[in-house]
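# Fold and geometry: a report
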Amino acid sequence: MAGTASLDAALAKLDQAIGRLELAVERRLAGERTISGLEDELFRLGEDRSRLAGDLDDAMARAGRLEDANREVSRRLVAAMESIRTVLDTHGG
């Protein structure tokens with residue numbers, strides 16, 4: 001009987017150890033899935049950042065062209081107003 005009790009105790013300890021091992025494996029696999037998910041998200045964020053940086057560069061270039069066009073329009077308006085003043089001054093306007 002003593003042999004059976006110690007065998008039962010050993011089997012119970014083995015069962016507990018296997019249970020702990022299964023839990024550790026499950027936690028490890030869950031951690032790896034989490035890391036994999038985070039790596040995927042980080043990759044997507046990097047792609048988004050690159051796309052946004054390109055969009056920002058394009059927008060800044062467009063803003064520069066619009067500023068240049070605005071200055072040119074302003075210069076032409078000033079020239080046109082001076083021409084009109086000259087014509088009006090010349091013709092008694």
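Here's what I pulled together on the structure shown here. What you see is a predicted model, and the numbers here were worked out from it, not measured in a lab. (Residues numbered from 1 in each chain as written. Predicted model: local features only at pLDDT ≥ 70, side-chain atom pairs only at ≥ 80, totals over all residues. Heavy atoms only, no water.)

### Description of the overall build of the chain
The helix and strand tally for the chain stands at one helix and zero strands. The globule rule puts the C-alpha radius of gyration for 93 residues at 12 Å, and the 39 Å found for the chain is more than 25% above it. Along the three orthogonal principal directions, the C-alpha set of the chain runs to about 130 × 15 × 5 Å. (Helix = DSSP H or I, 4+ residues; strand = E, 2+ residues; numbered from the N terminus. Rg over C-alpha atoms; globule rule 2.2 N^0.38 Å.)

### Here's the deal with the pattern of salt bridges
Under the counting rule described, the total for this entry stands at seven salt bridges. Between Arg28 and Glu32 there is a salt bridge, and its shortest N-O distance comes to 3.0 Å. Placement of both Arg28 and Glu32 in helix α1 (residues 2-90) is noted, with a separation of four residues, approximately one turn of the helix. When its relative accessible area of 57% is taken as the criterion, Arg28 is described as exposed. (Salt bridge = Lys/Arg side-chain N within 4 Å of Asp/Glu carboxyl O. Buried < 20%, exposed > 50% of the residue type's maximum accessible area, 1.4 Å probe, protein only.)

### Quick look at a nonpolar patch on the surface
Judged by side-chain polarity, Leu7, Leu11, Leu14 and Ile18 come together as a nonpolar surface patch covering roughly 370 Å² of accessible area. Tracing the sequence through the fold places Ile18 in helix α1. (Patch = residues over 30% accessible without salt bridge, like charges linked within 9 Å, V, L, I, M, F, W, Y side chains within 5 Å. Areas by Shrake-Rupley, 256 points an atom, 1.4 Å probe, with all protein chains shown as cover.)

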